[in-house]
Amino acid sequence: MTEQPRTLAKKKPIMVAPSVLAWDLSRLGEAVEIASRGKADMVHLDVIDGHFAPNITFGPGTVKALRKTSDLTFDTHLMISEPIRYVERFIEAGSDILTFHAEVLNAESFDLLQGMVHAKGKGIGLALKPQTELPRWAEERLDSLKTLIVMTVNPGFSGQTMDMSVMPKLERISALIAEGDYETNIEIDGGVEPENVGEVVRRGGNLLVAGAGVYAKKDPVAAIADLRARATAARGGA
Ligand code: DX5
Ligand code: ZN
């Protein structure tokens, strides 16, 4: 019997996570509701502290308020310089997945965060800016990651164009995850649009964050299904 390559043997489900930052910020609850109606797999919450990246968005109070409105999985992308200081507050606010940036961590601080997140039964993620390579300490911890965010824009703002120069890194990371047979979802964040989802999933991405790619469309509910259908088709229908 011929052995199937692992990449084919274990395809991760295509998932869509609308990023509410692209909606009218005075009506974030509505953005979450749109994600629900569009049968999104999760909703992506971008927390930026004005220090790690040049914008300030919202904090745990907003996450908590949104939590009351929805049962959707909250994928909280913490673009903050001091994650250890704030992690508990985001857990208590109702985040399901807490993703931290590799640029502000090392093995020791990651392990500390992991302990805190897993103690509360939540998932941990790691994010990389476009220019950041996967650090060695992170490579050794891939099996503990629920998600690995490969950013395809510089953190800060919705509505930027995807940086295609990240694709070779995405392929390398996808290969590592496939070789290790890890459950880690490969999450692509930044400039995801109907026109580029095919490319992104062919390079190994399976969890698609989309801000403008959902909320700037005429019919955001339909845009979620459209992204999913295009991504699935690009992988040959699975
Ligand atoms: C950027 C954020 C992204 C962004 C995605 O700092 O991490 O999640 O909001 O928005 P689009 O899809 O519009 O690039
Ligand atoms: Zn994000």
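### Thoughts on the environment of Asp46
- Here Asp46 lies in strand E2 (residues 42–48).
- Residue classification places Asp46 among the buried positions, given a relative accessible area of 6%.
- Filtering out sequence-adjacent residues up to four positions away, Asp46 remains in contact with Ser19, Leu21, Thr57, Phe58, His77, Met79 and Asp189.
- Among the polar contacts listed, one links the side chain of Asp46 to the side chain of His44, at a separation of 2.9 Å.

### Thoughts on the site of ligand 1
- Around ligand 1, the structure places 19 residues, and the nearest of them are Asp46, Gly156, Ser158, Asp189 and Gly211.
- Gly159 has a polar backbone atom sitting 2.8 Å from an oxygen atom of ligand 1.
- Contact between ligand 1 and Asp189: an oxygen atom at 2.6 Å from a side-chain N or O atom of the residue.
- Relative to its unbound accessible area of 380 Å², ligand 1 is 99% covered by the protein chains.
- According to the grid-proximity analysis, the pocket containing ligand 1 is the second largest pocket.
- Mapped onto the shell around ligand 1, the elements with two or more residues apiece are E2, strand E3 (73–79) and strand E8 (207–210).
- Taken together, the residues of the shell around ligand 1 break down into eight nonpolar, nine polar and two charged.

### Comments concerning unusual backbone geometry
- If you check the backbone angles, Lys39 has positive phi at about 60° while not being a glycine.
- With respect to the helices and strands, Lys39 occurs in the loop between helix H2 (28–37) and E2.
- Despite not being glycine, Asp181 shows a phi value in the positive range, around 60°.
- Relative to the elements of secondary structure, Asp181 occurs in the loop between helix H7 (167–180) and strand E7 (185–189).
- On the basis of relative accessible area, Asp181 is assigned to the partly exposed category, the value being 31%.

### What about the layout of surface pockets?
- Each pocket or cavity is described by its volume, and for the second largest pocket that value is around 210 Å³.
- Along its surface, the second largest pocket is lined by 25 residues, and Phe157, Ser158, Gly159, Asp189 and Gly190 are the ones closest to its centre.
- No other element matches the three residues that E2 contributes to the lining of the second largest pocket.

### A closer look at H7
- The end-to-end C-alpha distance of H7 is 20 Å, a good match for the 20 Å that 14 residues give at a rise of 1.5 Å each.
- Phi for Asp181, located one or two positions after H7, is positive at around 60°.

### Some thoughts on the coordination of the zinc ion (ligand 2)
- The protein atoms that coordinate the zinc ion (ligand 2) are His44 (NE2), Asp46 (OD), His77 (ND1) and Asp189 (OD), at distances of 2.1 to 2.3 Å.
- Of note is the zinc ion (ligand 2), whose six donor atoms meet at the metal with angles of 71 to 170° in an arrangement that counts as octahedral.
- Sequence positions of the donors to the zinc ion (ligand 2) reduce to the motif H-x1-D-x30-H-x111-D. Here His77, found in strand E3, pairs with Asp189, found in strand E7; they are 112 residues apart in sequence, far enough to count as distant.
- By relative accessible area, which is 0% here, His77 ends up buried.

### Digging into the sheet that holds strand E1 (residues 15–18)
- A sheet is described by the order of its strands in space; here eight strands give the open sequence E1-E8-E7-E6-E5-E4-E3-E2, paired in parallel fashion. Only two strands of the sheet have a single neighbouring strand rather than two, namely E1 and E2. Across the sheet, the mean angle from the axis of one strand to that of its neighbour is 25°, orientation sign disregarded.
- Pairing geometry for E1 and E8, over four bridges, is parallel. Residue pairing across strands places Val16 opposite Leu208, the latter belonging to E8.
- Sheet strands touched by helix H10 (residues 220–234): E1 and E8. Its angle to E1, the strand with the most contacts, is close to 145°.

Parameters at a glance
- Note that residues are indexed from 1 along each chain, following the sequence as it is written.
- Chains carry letters from A onward and ligands carry numbers from 1 onward, assigned in written order.
- The predicted origin of the model limits local features to residues at a pLDDT of at least 70 and limits the giving and counting of side-chain atom pairs to 80 or more, whereas totals for whole chains, interfaces and linings rest on all residues.
- Each side-chain value is derived from all of the structure's non-hydrogen atoms; neither hydrogens nor water enter the calculation.
- Helix numbering and strand numbering both begin at the N terminus, where a helix is a DSSP run of H or I of at least 4 residues and a strand a DSSP run of E of at least 2.
- Residue burial is assigned from relative accessible area. The probe radius is 1.4 Å, only protein chains are included, and a residue is buried under 20% of its type maximum, exposed over 50%, and partly exposed in between.
- Working rule for contacts: check all heavy atoms of both residues, and any pair within 4.5 Å makes them a contact.
- Distance and chemistry together define a polar contact, namely a pair of N or O atoms within 3.5 Å, with one atom able to donate a hydrogen and the other to accept it when in protein, and with adjacent residues in sequence counting only for side-chain atoms on both sides.
- One heavy atom suffices: a residue is near a molecule or strand as soon as one of its heavy atoms comes within 4 Å of it.
- Using a 1.4 Å probe, accessible areas were evaluated by the Shrake-Rupley method; residue-level cover was limited to the displayed protein chains.
- Put plainly, a pocket is an open set of points on a 1 Å grid over the protein atoms alone with protein on both sides within 12 Å along at least five of seven lines, a cavity is a set where a 1.4 Å probe fits but cannot get out, and a lining residue has an atom within 4 Å of a point.
- Assignment to a cavity or pocket requires that more than half of a molecule's atoms be within 2 Å of the site's grid points.
- Classification convention: Asp, Glu, Lys, Arg as charged; Ala, Val, Leu, Ile, Met, Phe, Trp, Tyr, Cys, Pro as nonpolar; all other residues, Gly among them, as polar.
- Grid points are joined across faces, edges and corners, and a volume is the space filled by probe spheres set on the points.
- In a helix, the anticipated span is given by 1.5 Å times the number of residues less one.
- With water omitted from the atoms examined, metal sites may look incomplete; donors here are N, O and S atoms no farther than 2.8 Å from the metal, or 3.2 Å in the case of Na, K and Ca.
- Just to be clear on the cut-offs, tetrahedral is four donors with all angles between 85 and 135 degrees, square planar is four donors and octahedral six with opposite donors over 155 degrees apart and all others between 65 and 115, and anything else goes down as irregular.
- At least two DSSP bridges between two strands are required for those strands to pair.
- Axis definition: a line fitted to C-alpha atoms, limited for helices to the stretch in contact. Angles are taken between N-to-C directions and run from 0 to 180 degrees.

Limitation: the analysis is restricted to geometry and does not speak to function.
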